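Geometric and topological summary
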Amino acid sequence: MTILDRDVVIIGAGPSGLTAAYELRKAGKSVAVLEARDRVGGRTWSQNMDGATIEIGGQWISPDQTGLYSLIEELGIETFERYKEGASVYLADDGTRSVYTGDDFPVAESTVAEMNKLIKEMDRLTAQVDPDAPWAHPQAAELDMISFHHWLRTISGDEVACNNVGLFIAGGMLTKPAHTFSALQALLMSSSAGSFSNLVDEDFILDRRMVGTMQGVSIAVAERLGEDVFLNNPVLKLDWSEDGVTAYGTDVTVHAKKVIIAVPPNLYSRISYNPPLPRRQHVTHQHQSMGLVIKVHAVYETPFWREEGLSGTCFGPSAIVQELYDNTYHEETTGTLVGFISDLQADAMFLLPEAERKDAILASMAKFLGAKALEPSVFYLSDFGAEEWTRGAYATSYDLGGLFRFGPDQNKNVGPIYFSSSDLAGEGYQHVDGAVRMGRRTAVRINAAIEGTEPAANYDGVKSLFGTLAASGN
Ligand code: FDA
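Within an unreviewed UniProt entry, the label attached to the protein reads FAD-dependent oxidoreductase, and the organism entered is Paeniglutamicibacter terrestris. Note on the protein: under the UniProt heading Cofactor (unreviewed entry), the record states "FAD". Among the UniProt annotations of the protein, the heading Sequence similarities (unreviewed entry) holds the following wording: "Belongs to the flavin monoamine oxidase family."

Structure (structure tokens):
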């Protein structure tokens, strides 16, 4: 057993925990990061499969994600643009396939008008919501009382319009059915991206990718932390008092002044706290749960859809694969598609035997892009729901009424215990950008607490306050 004394122990080597550790090291504090898995990056993870680069977890960055942009600039990591040229494909509920260009789905004109009405209303309310405090909106209580599904139907009676607009946040982001989360939760999601229009614009929200993959960002930070990152060390027990903490990993024990719990909120209760956390945290943590989405990866000899003038972007609100994109990594000659199967459709897929599941998914993709989609050389399903140290995807959100009731306390520390996660972020919520911003904000708060100074007021985590650190590990 290795026993260490540090200023701060960080539990979890995902982007949030690593960013916090990195910032604290830059501020002159000693740190140790204990990670359960045998790798860093958490919900960002990549592998080479038969010569193709596959991003199993988080991968895209949008122009507003300036916290992550400033970190990669510091690390010397570049980005490349997602392939976006050509027409998109839309599959209507009755299975009719349409090829289209422009922003509007090829649906009845009246439905387009209703969709635009819904988007306008979401934009109007989103502009009034502070992503760091959605519960402070004057109508927050009532917006948190109604499911997003039902709220949409108070604005429009057009079912197709409601389902299409609902998809952007339900299947597309929170990966839960729209009846399981509130209109306020949906507004947090859109305000985290600046506007609802940004969120529904795939060319904005899925704009660019990292050269070297998104997991490469965490790997680069971990390299700078050197031997202070300990893999294969799940922390299942934490002793704490106002004087400090002791975190117990498998073969590393760390005594520290403060701890950052940088794991997703649904996993807070995996740790046994001695003494127990206060009632407020016990209850709050039970109302934050993961969504469920299967990320489908299929690699082909060539990006055949491009030859047909298609971008690879496809939408089918009632299809098994609801969204499909060209996900070819830059400079690769093979063609990669990525698809998403969310919530209830994901449940249905996991009930099928493996071979039938593969056939059903490829058949769904072929409805968009034709028979060539049926024969990929690589077929891989990301399954974060089965991963012990995540248990769902993409991130956690509150159940109905939870955001207004518990949100105001979610980022408060309990004595020396601080929480940091993309799932607690305002801007960049549920994204790597939010993880980075939260990591920086938590580091600034802890640094001030240790130094006995006031933390910078209203600090948004967009830029590091502590300069840079060389890649040598020290
Ligand atoms: P994260 O979950 O990444 O890291 C937490 C770490 O804590 C993990 O390494 C875990 O193993 C560890 N841990 C858990 N319990 C522990 C314990 N008891 N002891 C020690 N360690 C413990 N985002 C984005 O910006 N663009 C995108 O395109 C996508 N797409 C996407 C697809 C898929 C399939 C997923 C699952 C997620 C995304 N995301 C995304 C979301 C993004 O990946 C996510 O927001 C960040 O990885 C969250 O970073 P955190 O550090 O907060 O948690």
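Resuming the write-up.
Attention now goes to helix H1 (residues 15-26). The periodicity of an α-helix, 3.6 residues per turn, causes residues three or four positions apart to be oriented the same way. Spanning twelve residues, H1 covers 16 Å between terminal C-alpha atoms, matching the ideal 16 Å at 1.5 Å per step. Across the twelve residues that make up H1, a large majority, twelve, are buried. Of all the positions in H1, only Pro15, Ser16, Gly17, Leu18, Thr19, Ala20, Ala21, Tyr22, Glu23, Leu24, Arg25 and Lys26 are classed as buried. Gly28 sits one or two positions beyond H1 and adopts a positive phi of about 90°.

What follows concerns the nonpolar core. Counting residues in hydrophobic clusters, the biggest one holds 58 residues, and the most contacted among them are Met122, Phe148, Trp151, Ile169, Phe181, Phe196 and Leu199. When residues in this core are grouped by element, the largest group, eight residues, is from helix H6 (residues 159-174). Both of domain 2 (79-84 + 205-210 + 292-386) and domain 3 (108-200) provide at least three residues apiece to this core. When sequence neighbours within four positions are dropped, the list of residues in contact with Met122 reads Phe148, Trp151, Ile169, Ala186, Leu187, Ser190 and Phe196. In terms of nonpolar packing, the next biggest core, distinct from the first, is built from 33 residues, Val8, Ile61, Leu68 and Ala443 among them.

Moving on, we come to the side chain of Glu23. Position of Glu23 among the secondary structure elements: in helix H1. Look at Glu23 and you get buried, because its relative accessible area is 1%. In contact with Glu23, other than residues within four places in its own chain, are Arg440, Ala443, Ser464, Leu465 and Phe466.

Attention now goes to the pairing of strand E19 (residues 335-342). Counting buried residues along E19, eight of its eight residues qualify, which places the element largely inside the surrounding structure. Residues Gly335, Leu337, Gly339 and Ile341 point to one face of E19 and Thr336, Val338, Phe340 and Ser342 to the other, with burial holding for every one of them. Relative to E19, strand E16 (residues 293-300) is paired through eight bridges, and the arrangement is antiparallel. Bridged to His297 within E19 is Val338. Of the strand pairs in this sheet, strand E18 (residues 323-326) and E19 are connected by four bridges, and their pairing is antiparallel. Of the residues in E19, the one forming a bridge with Glu323 is Phe340.

What follows is about unusual backbone geometry. Excluding glycine, residues mostly carry a negative phi; peptide bonds, for their part, are mostly trans. Residue Pro275 is reached from Asn274 by a cis peptide bond, and omega for that bond is 0°. With respect to the helices, strands and loops of the structure, Pro275 is situated in the loop between strand E14 (272-274) and helix H11 (279-284). With an omega of -5°, the peptide bond between Ala393 and Tyr394 qualifies as cis. When you line up the elements, Tyr394 lands in the loop between strand E20 (378-382) and strand E21 (396-398). In this model, Thr213 sits at a positive phi of 75°, which is unusual for a non-glycine residue. Tracing the backbone through its elements, the reader meets Thr213 in the loop between strand E9 (208-210) and helix H10 (215-225). For Thr213, a relative accessible area of 7% translates into the label buried. Despite not being glycine, Arg391 shows a phi value in the positive range, around 75°.

Another point: the site of the ligand. Around the ligand lies a shell of 36 residues, among which Ser16, Glu35, Arg37, Arg43 and Ser422 are the nearest. Between Arg43 and the ligand, the recorded distance is 2.7 Å, taken from a side-chain N or O atom to an oxygen atom. Summarising the interface, the protein chains cover 98% of the accessible area of the ligand, which totals 1000 Å² for the free molecule. Where the shell around the ligand is concerned, the elements lending two or more residues are H1 and helix H16 (432-451). Partitioned by chemical class, the residues of the shell around the ligand number 19 nonpolar, 14 polar and three charged.

Before going further, it helps to spend a moment on helix H5 (residues 148-155). Considered for burial, the residues of H5 that qualify are Phe148, Trp151 and Leu152. Along the long axis of H5, the arc covered by the buried residues comes to 100°, so they all point the same way. Structurally, H5 contributes buried residues whose contacts are with helix H3 (109-126), helix H4 (140-143), H6 and helix H7 (183-192).

What follows concerns the pattern of salt bridges. Counted according to the given criterion, the structure contains 24 salt bridges. A salt bridge links Glu114 to Lys117; the nearest nitrogen and oxygen atoms lie 3.4 Å apart. One end of the pair, Glu114, and the other, Lys117, are both in helix H3, three residues apart, so they sit about a helical turn from each other. Taking the shortest distance from any N to any O, the salt bridge between Asp132 and Arg441 comes out at 3.2 Å.

Attention now moves to the packing of H6 against H7. Any two packed helices are characterised by the angle at which their axes cross and by the distance between the axes. Their axes nearest at 11 Å, the elements H6 and H7 cross at an angle of 75°. Classified by the interaxial angle, the pair formed by H6 and H7 is roughly perpendicular. Facing H6, whose interface residues are Ile169, Met173 and Leu174, H7 presents Gln185, Ala186 and Met189. When grouped by side-chain class, the residues that make up the contact of H6 with H7 number five nonpolar, one polar and no charged.

What follows is about the packing of aromatic side chains. This structure, assessed with the given rule, holds 18 aromatic pairs. Both rings, one in Tyr300 and one in Trp305, keep their centres 6.1 Å apart while their planes meet at 80°; by these two values the pair is edge-to-face. Residue classification places Tyr300 among the buried residues on the basis of a relative accessible area of 3%. Among the aromatic side chains, those forming a connected cluster through ring pairs are Trp60, Tyr90, Tyr100, Phe105, Phe168, Phe315, Tyr325, Phe340 and Tyr394.

Moving on, we get to the sheet that holds E9. In any sheet, the strands associate via hydrogen bonds between backbone groups, in a parallel or an antiparallel arrangement. On the basis of which strands lie adjacent, the open sheet formed by three strands has the order E5-E9-E6 and antiparallel pairing. The sheet is open, and its two borders are formed by strand E5 (60-61) and strand E6 (79-81), each paired with just one other strand. Set on the sheet, helix H2 (residues 66-75) makes contact with E5, E6 and E9; between it and E9 the angle comes to about 40°.

Rules used throughout
Residues numbered from 1 in each chain as written. Predicted model: local features only at pLDDT ≥ 70, side-chain atom pairs only at ≥ 80, totals over all residues. Heavy atoms only, no water. UniProt positions renumbered as here; feature names shortened; annotations may be inferred. Helix = DSSP H or I, 4+ residues; strand = E, 2+ residues; numbered from the N terminus. Expected span 1.5 Å × (residues − 1). Buried < 20%, exposed > 50% of the residue type's maximum accessible area, 1.4 Å probe, protein only. Core = buried A, V, L, I, M, F, W, Y, C linked by side-chain atoms within 4.5 Å. Domains from an automatic or database assignment. Contact = heavy atoms within 4.5 Å. Pairing = 2+ DSSP bridges. Near = heavy atom within 4 Å. Polar contact = N/O pair within 3.5 Å; in protein donor to acceptor, adjacent residues only side chain to side chain. Areas by Shrake-Rupley, 256 points an atom, 1.4 Å probe, with all protein chains shown as cover. Nonpolar A, V, L, I, M, F, W, Y, C, P; charged D, E, K, R; others polar. Arc of directions from axis to C-beta. Salt bridge = Lys/Arg side-chain N within 4 Å of Asp/Glu carboxyl O. Axes fitted to C-alpha atoms, helices over the stretch in contact; angles between N-to-C directions. Parallel < 35°, antiparallel > 145°, perpendicular 65-115°, else oblique. Phe/Tyr/Trp six-rings, centres within 6.5 Å; stacked < 30°, edge-to-face > 60°.

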